[in-house]
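What the coordinates show
So you can see what is in the structure, the chains are spelled out below.
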Amino acid sequence: MAEDVLKSGDLPENPERATLEGRNKFMGFWFFLGGETVLFASLFGTFLALRNSNAGGPAAEDIFGLGLVFIMTVLLLTSSLTSVYAMYHMKNNDFKKMQLWLGITVVLGLGFLGMEIYEFYHYVHGYEFGFTTSAFSSAFYTLVGFHGAHVAFGLSWFVALMIRNAKRGLNLYNAPKFYIGSLYWHFIDVVWVFIFTVVYLLGKVG
Amino acid sequence: MSTTANQKAGIGSVLWDYLTTVDHKKIAILYLIGGMFFFLVGGLQAMLIRIQLIVPENEFLSAQFYNEVLTMHGTTMIFLAAMPLLFALMNAVLPLQIGARDVAFPFVNALGFWLFFFGGIFLNISWFTGGAPDAGWTAYAPLSVFSEGHGVDYYSIGLQIAGFGTLMAGINFLVTVINMRAPGMTYMRMPLFTWTSFIASVLILFAFPALTVGLFLLTFDRLFGANFFNPDMGGNAIIWEHLFWIFGHPEVYILILPAFGVFSEVIPAFAKKRLFGYSSMVFATILIAFLGFMVWAHHMFTVGLGPIANSIFAVATMAIAVPTGIKIFNWLFTLWGGQIRMTSPMVFALGFIPTFTIGGMTGVMLASAAADFQYHDSYFVVAHFHYVIVGGVVLGIFAGLIYWWPKMFGTLLNEKLNHWFFWLFFIGFHLTFFLQHFLGLMGMPRRYWTYLEGQNLDLFNLISTIGAFFMAVGTLVFLYNVVKTQMKGEKVSGDPWDARTLEWSIPSPPPFYNFKQEPLVRGLDPLWIEKMQGNGKIQPAEPLGDIHMPNRSLTPFMISLGLFIAGFGIMYQGGMWVLAGIGFATTLGSMLYRSLKDDIGYHVHKEELEEEGDGSNG
Ligand code: HEM
Ligand SMILES: [Cu+2]
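In this text the structure is predicted, and so the values were computed from the model without any measurement.

1. Overview of the overall build of chain B
Within chain B, the regular secondary structure consists of 20 helices and 2 strands. For 618 residues, the compact-globule estimate of 2.2 N^0.38 gives 25 Å, and chain B sits close to it at 24 Å. With the principal axes as the frame, chain B shows a C-alpha extent of 70 × 60 × 45 Å. Residues counted as buried form 60% of the 618 residues belonging to chain B.

What follows is the structure, encoded as structure tokens:
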């Protein structure tokens, strides 16, 4: 039976939850995201406490432009949607389409990450707004940087899974891996919505 | 795989076995060895503290070294002794208590241990590289930010690594309890130790990330020039206190809840009665955990949060005394009318009840915010938390270790020596800490290196130090007992205490697959039910079949080793950056390997199982 999980084709409806291992992973990952929520909540709390503490350095309204951040938001939100498509195809046992939509997700994520790097670069060189400039700058780079690192990790995870399984297709063993990868991706997306609101919108108008 | 095969194997293969094991029973032994080692290290530090304070104006330790010893004592005892020893108990018995063949994530479980191990080693390397952390176990900013040398960096990075491990362990136990229970093991039939460990895992999940963030911020401030806690640059040192105590108060309940669980197993077993008020015990556990998240600012009454915040936190804190009181009364009512056997775990339990009650009472005193302005940062607080932590957590750990020792090792610790251990430790404990309440009320501040003559502090400090020696001797008796018992190696039956729960229905130590057939649970205290109503054996829930087991793996060790190496790179920077590169490459590479390499475990076949007895405790 152990070897059966590596057979592809003819999968049940919810392949990610068909085995005990899959169910465990699924639930364990939800708990992990619960912990991640506290992690980001702590970072948000710190940021909120320090967001006006620019110590004479650039303040939020001086540097943030909503245009770029808006495009980034659109990219990331769309990528969440495309990862939903990928999971839809996973459940329909259509490996090729799943790979395709995951590929699109990765491209969108890369676009987001590229823009974020550009944004940081711009702040540092255009405004002399570095990590050590003020308490506000430290809090900003830490919060947004933690999110960015999560994005980078999620992208590498997707790419690794896609390459590893490209030849053999879906099975009961790797379906949960793809699935929790996409859960992670949604979580990152939700965090970004909060960053967009709390950091950028509030920084610009609040 | 049997134990005899292990005994014949060479030291190298035993080492390899433990480095790569994913068996929760072996991981329990690893946690036990690691936790006991650090318990002794922390105990040695405690002795140094008490020797320094034995007379006024003593110069036994230098002030700086005293700060380091004091800081490391607290840090070691909480993170590297108490937590791992509780994890040792959880790993040893929780899966057995719910009738599971394994934990939900054997690999993650091993990862949790190795992260703790490397985190602990990392912290302690600071002794040899220019000085240990010296800003107190609470590492308050800005003191911790401006502390010279690398001591506090060892603290922030070492605890970070160990903390990840704790989080991993917590998630594993959560899913194990939810998904791996045997047929019939409903939530309201779970033994209290399983319940309290389960709730403690919830606390771990939601409390540790706050510490993670706090430690990151501290690391960034100290090593990368960030300004979180630096008021000159707009920072705010109080953020550290909030993050630390949002973690820190739940942490004290992470420690005490499993200890409560131990006593809730020991007392019914040796009073020969089912636990009084089982469902109210479960309810009280949940309530304590819930309230535990809303009281952190009682550590910050003197910070100046204002009278309204202080009042709210004071009331919330006092409210915790209610569910705690429920528990105390339930234990007492379980004892009431029971056929009490004065075994050593029971004596520990009986010592625990009044001691912990005193600690809870001083807790309520501290919780009244106005009065706390007097108590705060005095020896009164030191006395309070030692009453709850030593009188609660440590007594619980030892009661649990003695109680479950036969299940872990198949041997029974010598009862006479256990009683000696208890009385030395217990009397020593009260000698050491009871008078510290009064030292505090007389104005002796905590954490001071020394004190002046002629302030009426001399006698109580002397008595306190004498008490500490009693505790040390007690601990040595326990160690002697362990060595003696294991050398003798006299095996006992699977159920030497005539106990009530599922773990006692299988051999001691259990086979690596725990239960040959999944047990059928018919109620609370399932073994006792079978003893009273059946033939004393748990009925199987399934016919004999193949058993699926996980493969061993070195990857958890490698992931943790990588972070350990990377820590030095981050700390020393410059040319040492290369270590960060090597370390993170090791960790990420190992994680990638884990993700991509198929690992589906193996099966123990029915035919092999048929050869090995019926799997019951006989
Ligand atoms: C009825 C229950 C309890 C109440 C009302 C209570 C209340 C308090 C308060 C108000 C303080 C702060 C005192 C100050 O710094 O001025 C405190 C400190 C402390 N408590 Fe408790 N406590 C209770 C139970 C516990 C338990 C069960 C534990 C651990 C197992 C514990 C561990 C500690 C520790 C470690 C500290 C001191 C931390 C430090 O500053 O280093 N407490 N407690
Ligand atoms: Cu507290």
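That was the structure; now back to the text.
2. Digging into the site of ligand 1
All names here are of chain B. The full set close to ligand 1 counts 22 residues, and W137, D372, H376, H384 and R446 are the nearest of them. One nitrogen or oxygen atom from the side chain of W137 is found 3.0 Å from an oxygen atom belonging to ligand 1. At 2.7 Å, a side-chain N or O of R446 approaches an oxygen atom of ligand 1. Secondary structure elements with two or more residues in the shell around ligand 1: α9 (238-271), α12 (344-367) and α14 (379-409). A per-element tally of the shell around ligand 1 places α12 first, with 6 residues. Of the residues in the shell around ligand 1, the class split is 13 nonpolar, 7 polar and 2 charged.

3. Some thoughts on the interface of chain A and chain B
With 41 residues of chain A at the interface, the matching set in chain B holds 41 residues. Carbon and sulfur atoms supply 72% of the area that chain A and chain B bury against each other, a total of about 3,200 Å² over both sides. Looking at the side of chain A facing chain B, the largest losses of area belong to A:N24, A:F31 and A:Y173, adding up to 16% of the total buried there. Inspection of the chain A/chain B interface yields 2 salt bridges. In this structure, B:D598 engages A:R164 in a salt bridge whose closest nitrogen and oxygen atoms are separated by 3.2 Å. Summed over the shared surface of chain A and chain B, the result is 12 residue pairs in polar contact (both at pLDDT 80 or more).

4. Focus: the coordination of the copper ion (ligand 2)
Residues and elements named next belong to chain B. The copper ion (ligand 2) binds to the protein through H249 (ND1), H298 (NE2) and H299 (NE2), with metal-donor distances spanning 1.9 to 2.0 Å. Along the chain, the residues donating to the copper ion (ligand 2) fall in the pattern H-x48-H-H. Distance-wise, the iron atom of ligand 1 is placed 4.5 Å from the copper ion (ligand 2). Of this pair, H249 sits in helix α9 while H299 sits in the loop between α10 (278-292) and α11 (307-335), and the two are 50 residues apart along the sequence. For H299, a relative accessible area of 21% corresponds to the partly exposed category.

5. Re empty space enclosed by the protein
Residues and elements named next belong to chain B. Evaluation of the coordinates by the stated rule reveals 3 cavities of 30 Å³ or more. Taken as a whole, the largest cavity holds about 110 Å³ of empty space. What lines the largest cavity is a set of 13 residues, among which S264, E265, P268, T501 and D525 lie closest to the centre. No other element matches α9, which puts 4 residues into the lining of the largest cavity. Among the residues forming the lining of the largest cavity, the class breakdown is 8 nonpolar, 2 polar and 3 charged. In this structure, the second largest cavity occupies an estimated 50 Å³ of space. Taken together, the elements giving at least two residues each to the lining of the second largest cavity come down to α4 (63-97), α7 (151-179) and α8 (192-224). Examining the composition of the lining of the second largest cavity, we find that 4 residues originate from one element, α7, more than from any other.

6. Let's talk about the coordination of the iron atom of ligand 1
The reference angle at a metal is 109.5 degrees if four donors form a tetrahedron and 90 or 180 degrees if six donors form an octahedron. Within the protein, just one atom coordinates the iron atom of ligand 1: B:H384 (NE2), at a distance of 2.2 Å. Mapped onto the elements of the fold, B:H384 is located in helix α14.

7. A few points about the confidence of the model for chain B
In this model, chain B carries an average pLDDT of 96, and 98% of its residues clear a pLDDT of 70 or more. Low pLDDT (under 50) marks residues 1-6 of chain B, which in the prediction has 5 contacts with non-local residues, meaning those over four places away or in another chain.

8. Here we look at the packing of α4(B) against α7(B)
Residues and elements named next belong to chain B. Direction vectors running N to C along α4 and α7 enclose 20 degrees, while the axes themselves pass 12 Å from each other. Considering their axes alone, α4 and α7 lie roughly parallel with respect to each other. The hand of the α4/α7 crossing is left-handed. Residues T75, F79, M83, F87, M90, N91 and L94 of α4 lie in contact with α7, whose contacting residues are Y155, L159, T166, A169, F173, T176 and V177. Per-class residue counts for the contact of α4 with α7 are 10 nonpolar, 4 polar and no charged.

9. Quick word on the pattern of salt bridges
Proximity of charged atoms lets side chains of opposite charge pair with each other. Summed over the entire model, instances satisfying the criterion amount to 17 salt bridges over all chains. For B:K26, the salt bridge identified is with B:D17, shortest N-O distance 2.9 Å. According to the relative accessible area criterion, B:K26 is buried, its value standing at 11%. Given the relative accessible area of 8%, B:D17 is considered buried. The residue B:D498 makes a salt bridge to B:K531 at a minimum N-O spacing of 2.7 Å. In this pair, B:D498 is assigned in the loop between α16 (458-488) and α17 (526-533) and B:K531 in helix α17, connecting sequence segments 33 residues apart. Within this structure, A:E16, A:R17 and A:K91 form a network of salt bridges that share partners.

10. Considering a nonpolar patch on the surface
Residue and element names in this part refer to chain B. Taken together, the side chains of W423, I427, L431, L459, L462, I466 and F470 define a hydrophobic patch exposed on the protein surface, amounting to about 600 Å² of accessible area. Listing elements by their share of the nonpolar patch, those giving two or more residues are α15 (415-441) and α16. For the nonpolar patch, the element with the highest residue contribution is α16, accounting for 4 residues. Mapped onto the fold, L459 is located in helix α16.

11. A look at a negative patch on the surface
Residues B:D546, B:E607, B:E608, B:E610, B:E611 and B:E612 make up a contiguous surface patch of negative charge. With respect to the helices and strands, B:D546 occurs in the loop between α17 and β1 (547-549).

12. Details of the side chain of B:S197
Residues and elements named next belong to chain B. With respect to the element layout, S197 can be found in helix α8. S197 gets classed as buried once you look at its relative accessible area, which sits at 0%. Residues contacting S197, with those up to four places away along its chain left out, are M90, L94 and P258.

13. Topic: the packing of aromatic side chains
In the structure shown here, the tally under the stated rule is 98 aromatic pairs over all chains. With 5.1 Å between their ring centres and 90 degrees between their planes, B:Y31 and B:F113 make a pair best called edge-to-face. A residue pair is termed long-range when its members are at least 10 positions apart, and B:Y31 in helix α3 (residues 24-52) and B:F113 in helix α5 (residues 106-125) qualify at 82 residues. Exposure remark for B:F113: the relative accessible area of 3% places this residue in the buried category. A ring pair is formed by B:W423 and B:F426, whose centres lie 6.2 Å apart and whose planes are at 90 degrees; its orientation type is edge-to-face. Note that B:W423 and B:F426 are positioned in helix α15 at a spacing of 3 residues, about one turn of the helix. Its guanidinium or amino end placed over the ring of A:F26, A:R17 lies 4.7 Å from that ring's centre, counting from NZ or CZ. One cation-aromatic arrangement involves B:R181 over B:Y187; the distance from NZ or CZ to the ring centre is 3.9 Å.

14. Brief notes about the packing of α9(B) against α10(B)
Residue and element names in this part refer to chain B. Axis separation between α9 and α10 bottoms out at 10 Å; the angle between their running directions is 170 degrees. The orientation of α9 with respect to α10, classified from their angle, is roughly antiparallel. In contact with H249, P250, Y253, L257, F260 and S264 of α9, α10 contributes M281, T285, I288 and G292. Residues that form the contact of α9 with α10 fall into these classes: 6 nonpolar, 4 polar and no charged.

Rules behind the numbers
- Residues numbered from 1 in each chain as written.
- Chains lettered and ligands numbered in written order.
- Predicted model: local features only at pLDDT ≥ 70, side-chain atom pairs only at ≥ 80, totals over all residues.
- Heavy atoms only, no water.
- Helix = DSSP H or I, 4+ residues; strand = E, 2+ residues; numbered from the N terminus.
- Rg over C-alpha atoms; globule rule 2.2 N^0.38 Å.
- Buried < 20%, exposed > 50% of the residue type's maximum accessible area, 1.4 Å probe, protein only.
- Near = heavy atom within 4 Å.
- Polar contact = N/O pair within 3.5 Å; in protein donor to acceptor, adjacent residues only side chain to side chain.
- Nonpolar A, V, L, I, M, F, W, Y, C, P; charged D, E, K, R; others polar.
- Contact = heavy atoms within 4.5 Å.
- Buried area = accessible area lost by both parts, 1.4 Å probe.
- Salt bridge = Lys/Arg side-chain N within 4 Å of Asp/Glu carboxyl O.
- Donors = N, O, S within 2.8 Å, 3.2 Å for Na, K, Ca; no water.
- 1 Å grid on protein atoms, 1.4 Å probe; cavity = no way out; pocket = protein on both sides within 12 Å on 5 of 7 lines; lining within 4 Å.
- Points joined across faces, edges and corners; volume = space filled by probe spheres on them.
- pLDDT = per-residue confidence, 0-100.
- Axes fitted to C-alpha atoms, helices over the stretch in contact; angles between N-to-C directions.
- Parallel < 35°, antiparallel > 145°, perpendicular 65-115°, else oblique.
- Left-handed = near helix turned anticlockwise from the far one by under 90°.
- Patch = residues over 30% accessible without salt bridge, like charges linked within 9 Å, V, L, I, M, F, W, Y side chains within 5 Å.
- Areas by Shrake-Rupley, 256 points an atom, 1.4 Å probe, with all protein chains shown as cover.
- Lys, Arg positive; Asp, Glu negative; His and termini not counted.
- Charge placed at Lys NZ, Arg CZ, Asp CG, Glu CD.
- Phe/Tyr/Trp six-rings, centres within 6.5 Å; stacked < 30°, edge-to-face > 60°.
- Lys NZ or Arg CZ within 6 Å of the ring centre and 35° of its normal.

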